[in-house]
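Fold and contact review
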Amino acid sequence: MLPTLFSFLYQFGDAFAFLVIASMGLAIIFGMMGVINLAHGEFIMCGAYTTVSLAQLGLPLPLAIAGGALAAGLIGMLIEVTVIRHLYNRPLDSIVATWGLSMIATQGVLIVLGSTMQGVGTPLGSFTVGGFSYSTYRLVLMGIAVLLLAGLYLLFYHTRAGVIARATIQLPRMARAMGVDTGRVYTLTFGLGAALAGLAGGLYAPTMTLVPTMGATFMVESFVTVVIGGGDIFLGAAPAAAILAVIRSGMTAWQGQLFGQIGLLITVIIVIRVLPGGLSGWILGGRK
Amino acid sequence: MPSGSQLAKALRLGVAVAALTASAGLAQDAIKIGVLEDQSGDFAAATMVKVNAITLAAEEINAAGGIGGRPIELVTYDTQSDNTRYQEFMRRVLQSDKVDVVFAGFSSASREAYRPIVNQFDGLAFYNNQYEGGVCDANMIVTGAVPEQQFSTLIPWMMEKYGKNVYTLAADYNFGQISAEWVRNIVEANGGTMVGEEFIPLGVSQFGQSIQNIQAAKPGFVVTLLVGAAQASYYEQAAAANVNLPMASSVNVGQGYEHKRFTPPSLKDMYVTTNFIEEVDTPAAKAFVEKFRARFPDEPYINQEAANSYIAMYLYKQMVERAGTTDRAALLAELAKGDVCFDGPSGKVCLDPKSQHMSHTIYLAKVEADHSISFPTVWENIAPYWLGEAGCDLTKTDPSAQYTPSSPPPAN
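Cut-offs applied
- Residues numbered from 1 in each chain as written.
- Chains lettered and ligands numbered in written order.
- Predicted model: local features only at pLDDT ≥ 70, side-chain atom pairs only at ≥ 80, totals over all residues.
- Heavy atoms only, no water.
- Helix = DSSP H or I, 4+ residues; strand = E, 2+ residues; numbered from the N terminus.
- Rg over C-alpha atoms; globule rule 2.2 N^0.38 Å.
- Buried < 20%, exposed > 50% of the residue type's maximum accessible area, 1.4 Å probe, protein only.
- Contact = heavy atoms within 4.5 Å.
- Areas by Shrake-Rupley, 256 points an atom, 1.4 Å probe, with all protein chains shown as cover.
- Lys, Arg positive; Asp, Glu negative; His and termini not counted.
- Charge placed at Lys NZ, Arg CZ, Asp CG, Glu CD.
- Buried area = accessible area lost by both parts, 1.4 Å probe.
- Salt bridge = Lys/Arg side-chain N within 4 Å of Asp/Glu carboxyl O.
- Nonpolar A, V, L, I, M, F, W, Y, C, P; charged D, E, K, R; others polar.
- Pairing = 2+ DSSP bridges.
- Axes fitted to C-alpha atoms, helices over the stretch in contact; angles between N-to-C directions.
- Phe/Tyr/Trp six-rings, centres within 6.5 Å; stacked < 30°, edge-to-face > 60°.
- Lys NZ or Arg CZ within 6 Å of the ring centre and 35° of its normal.
- Expected span 1.5 Å × (residues − 1).
- Disulfide = S-S within 2.5 Å.

A closer look at the overall build of chain A
Per the secondary structure count, chain A includes 12 helices and 2 strands. In chain A, the order of α-helices and β-strands from amino to carboxyl end is α-α-α-α-β-β-α-α-α-α-α-α-α-α. Here the C-alpha radius of gyration of chain A, 19 Å, is about what a compact globule of 288 residues would show, namely 19 Å. Dimensions of chain A along its principal axes, counting C-alpha atoms only, are 65 × 50 × 35 Å. Within chain A, the fraction of its 288 residues that count as buried is 52%. Across chain A, the fraction of contacts at a sequence separation of at least 24, relative to all contacts at a separation of at least 6, is 75%. For chain A, the exposed area adds up to about 12,700 Å²; of that, 74% sits on carbon and sulfur atoms. Side-chain charges in chain A split into 12 positive and 7 negative, and the spacing between the mean points of these groups amounts to 10 Å.

Encoded structure:
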């Protein structure tokens, strides 16, 4: 019985970690700034490619992953200043612009770096619980997903920078009147979102095929999580990831991957029909 | 592509008109070959090399005087791993570019997307990819290997070595579904048991639960029919979880060179039946790889489809030269004689008149722990016999249909 329970918890944790890590960057950029970032997958790809390049140059993997996040974050800030900044309050235009960026990035990488890149291999080996063997690295990913949520919570709710960021998002004019450089806050927030996407790429790079289109495989899951979660990361995206992980791992264990995906998408349809503001909209609405 | 080809088109038109008025020099007209292959998107890693192989063959043929004195002109479009693009560009090459023949397609979904258009305009298309078999269509010539060449060899060999319990992990579209049916039939015919079958939607990259399902089913080996870059993540994840089961495949290594892309030993004990990969150790294969690398030094891998595309160019040349025209009926009349053969990178191959598929020498490639390749066995000269035996005879009728073991040609 115990191995079966562990197996279920492991699969749940694996799905949860993927949903949280894949969607955090998107959730911040959408939740805090209202920008629907269709280039999210390409920030992930950027993080993955940078991580693997650095690791192949001999850097230890954790540092290489940090480098991947940093690179994606810097590029994110650059893009905020040059493109996104001019499209605030024009959500449809920003969708088209980020979609364009995503195509430029995918095709650019294909042309410059070729159609594939050799991977680095998953570190840390495996362990066995009752007849089943598991990858240890995946346990690390689960831990990182939880730490990431805790870290972001501390950042936004218990630091001065977090208060300023939330003030800027809620009442930009008042924040400006109080002396906040709101332009810089937007740049940094977008950069943080991009860096988190890069981190996702770096963390999953050792477990995946490195191709220019790899970001696309994160897109469905991250959008589904953010749509179900609604605007707030902690009240929305995190519980959404937990619920979706149960549905996904349960359905996949029962009937295979296809049903896992069907379950995921049916959940979205039901949730956006019943709770148009997502989970966080429902929780916050209930408070009023 | 846009303005350059427009200009070229205008020029060609001018040349054609001039040639017509002079009512001479018709023999100098270029033979136009449409090339629709994925140069971007999910399949690009496996298919960009096909365009280079076709270019290499065209340059060789042109340097040696063209096809019956007429130079080859390639009309190439990037189909972006997108079935809609195939339909769009197939219409364009047949209707407005008016090509003589089209070389098109990687995934079976893309082939089935464009095939009705080839039928509609009564064109001729070469499909240079291994696939799930069964296309009985006089507008199509298939140079890729089919299940009786890849599975009837591979699966019994694997069952003998690794036991009779088999698990199939297949991409969830026509290729994976029909290939899995072949595997199931062959396993059962050899007294084995399917202990599991799972179909994975294209684009899925996370395999945690599938890996566990496989471990629970305890197969002797896993048949991996995974397609596209996303699904290739399976090998890394299975290796990280220490699944450590032998694998058998008709698509991996020979197309997507996973053994070059992943860190050893994630593909250890992967067995693949293929008619060509760059590691094949014959003089013909070595010579092909050498001239390919001389022309395209940065090519990551010269795969099975590269050889098939190259071979297809020479088969087409031979048929046109024998028929003295590019007219499809005349070409098929040559093919029907049953002696359209070519001695190329993968040894001698011949086209089968009944099915318009190609015979192959099939190599069993084994990936070792350090990801080097060995060849435990070779099956010489296997004919694409299934369609003909099942009742497809394109020399008599053209049903333009795809058949499977569970829906064979209707008995007359």
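After that view, the rundown keeps rolling.
Comments concerning the interface of chain A and chain B
Contacts between the two partners involve 36 residues from chain A and, on the opposite side, 39 residues from chain B. Taking both partners together, chain A and chain B bury about 2,800 Å²; carbon and sulfur atoms supply 50% of that area. The interface formed by chain A and chain B contains 0 salt bridges. Residues belonging to the side of chain A that touches chain B are distributed by class as follows: 12 nonpolar, 22 polar and 2 charged.

Focus on the sheet that holds strand E1 (residues 31-37) of chain B
What links the strands of a sheet is backbone hydrogen bonding, and the strands pair in either a parallel or an antiparallel sense. Residues and elements named next belong to chain B. Strand order in the open sheet made by the 5 strands is E2-E1-E3-E4-E6, with parallel pairing throughout. Two strands close off the open sheet at either side, each with one partner strand: strand E2 (72-78) and strand E6 (140-142). Each strand of the sheet is rotated relative to its neighbour by a mean of 25 degrees, with strand direction disregarded. Summarising the sheet, strand E3 (residues 101-104) and strand E4 (residues 125-127) pair through 2 bridges and their orientation is parallel. Residue pairing for E4: Phe-103 is matched across the bridge by Phe-126.

Points about the environment of Ala-27 of chain A
Tracing the backbone shows Ala-27 of chain A in helix H1 (residues 2-33). When the C-alpha atoms of Ala-27 of chain A and Ile-233 of chain A are compared, they prove to be 6.2 Å apart, with 206 residues separating the residues in sequence.

Looking at the packing of aromatic side chains
Pairs of aromatic rings are described using the distance from one ring centre to the other and the angle between the two planes. Enumeration over the complete set of coordinates arrives at 33 aromatic pairs over all chains. Taking the centre distance of 6.2 Å and the plane angle of 35 degrees together, the rings of Phe-6 of chain A and Tyr-10 of chain A count as tilted. With a gap of 4 residues between them, Phe-6 of chain A and Tyr-10 of chain A both fall in helix H1, about one helical turn apart. Aromatic side chains Phe-276 of chain B and Phe-288 of chain B sit 5.5 Å apart centroid to centroid with 80 degrees between the ring planes, which places their arrangement in the edge-to-face category. Remark: Phe-288 of chain B occurs in helix H11 (residues 283-295) and Phe-276 of chain B occurs in the loop between strand E11 (270-274) and H11; sequence separation between them is 12 residues. Exposure remark for Phe-276 of chain B: the relative accessible area of 0% places this residue in the buried category. Using a relative accessible area of 1% as the deciding quantity, one classes Phe-288 of chain B as buried. The rings of Phe-276, Phe-288, Phe-292, Phe-296, Tyr-310, Tyr-314 and Phe-342 of chain B are connected pair by pair, giving a single aromatic cluster. It is Arg-111 of chain B that lies over the ring of Tyr-127 of chain B; its NZ or CZ is 4.9 Å from the centre. Directly above the aromatic system of Phe-296 of chain B lies the positively charged group of Arg-295 of chain B, at a separation of 4.5 Å from the ring centroid.

Describing helix H10 (residues 233-255) of chain A
All names here are of chain A. Here H10 contains 23 residues, and its C-alpha end-to-end distance of 31 Å stays within 8% of the 33 Å for a straight helix at 1.5 Å per residue. Those residues of H10 that sit buried are Ile-233, Phe-234, Gly-236, Ala-237, Ala-238, Ala-240, Ala-241, Leu-244, Ala-245, Arg-248, Ser-249 and Thr-252. Phi turns positive one or two residues past the end of H10, at Gly-256, with a value near 100 degrees.

Side note on the state of the cysteines
Residue and element names in this part refer to chain B. Summed over the entire model, instances satisfying the criterion amount to 2 disulfides over all chains. Here Cys-136 connects covalently by a disulfide to Cys-392, the sulfurs 2.1 Å from one another. Disulfide Cys-136-Cys-392: the torsion about the S-S bond is 90 degrees, which places it as right-handed. Of this pair, Cys-136 sits in strand E5 (residues 135-136) while Cys-392 sits in the loop between helix H14 (386-390) and strand E16 (401-402); the two residues are 256 residues apart in sequence, bridging distant segments of the chain. You can call Cys-392 buried: its relative accessible area is 2%. Between Cys-341 and Cys-350 runs a disulfide, and the two sulfur atoms are separated by 2.0 Å. Here Cys-341 and Cys-350 share a disulfide; its torsion about the S-S bond, 105 degrees, makes the bridge right-handed. Cys-341 sits in the buried class, given a relative accessible area of 17%. Counting only the cysteines that take part in disulfides, in the order they occur along chain B, gives the pairing 1-4, 2-3.

Quick word on the sheet that holds strand E8 (residues 193-200) of chain B
All names here are of chain B. In spatial order, the strands read E8-E7-E9-E10-E11-E14-E15; together these 7 strands make up an open sheet with mixed pairing. Every interior strand has two partners, whereas the edge strands, E8 and strand E15 (373-382), have only one. The mean inter-strand angle of the sheet, taken between neighbouring strand axes irrespective of direction, is 20 degrees. In terms of strand pairing, strand E9 (residues 221-225) meets strand E10 (residues 247-249) through 2 bridges, oriented parallel. Residue pairing for E10: Val-222 is matched across the bridge by Met-247. In this fold helix H6 (residues 174-189) packs onto strand E7 (165-171), E8 and E9, with an angle of close to 175 degrees to the strand it touches most, E8.

Brief notes about the side chain of Glu-334 of chain B
By secondary structure assignment, the location of Glu-334 of chain B is in helix H13 (residues 328-336). Ignoring sequence-local partners within four residues, the contact set of Glu-334 of chain B consists of Met-319, Arg-322, Ala-323, Asp-339 and Val-340 of chain B.

What to know about the pairing of strand E14 (residues 360-367) of chain B
Looking along a regular strand, one sees the side chains alternate between the two faces of the sheet. Residues and elements named next belong to chain B. Counting buried positions over the 8 residues of E14 gives 8, a clear majority of the element. Alternating residues of E14 divide into His-360, Ile-362, Leu-364 and Lys-366 and Thr-361, Tyr-363, Ala-365 and Val-367, and every residue in both groups is buried. Pairing geometry for E11 and E14, over 5 bridges, is antiparallel. Within the sheet, the bridge partner assigned to Thr-273 lies in E14 and is Leu-364. Relative to E15, E14 is paired through 6 bridges, and the arrangement is antiparallel. In the sheet register, Ile-362 faces E15, and the bridge partner there is Trp-379. Joining the antiparallel neighbours E14 and E15 is a turn of 5 residues, in which His-371 adopts a positive phi near 70 degrees.

Taken by themselves, the reported measurements are silent on function.
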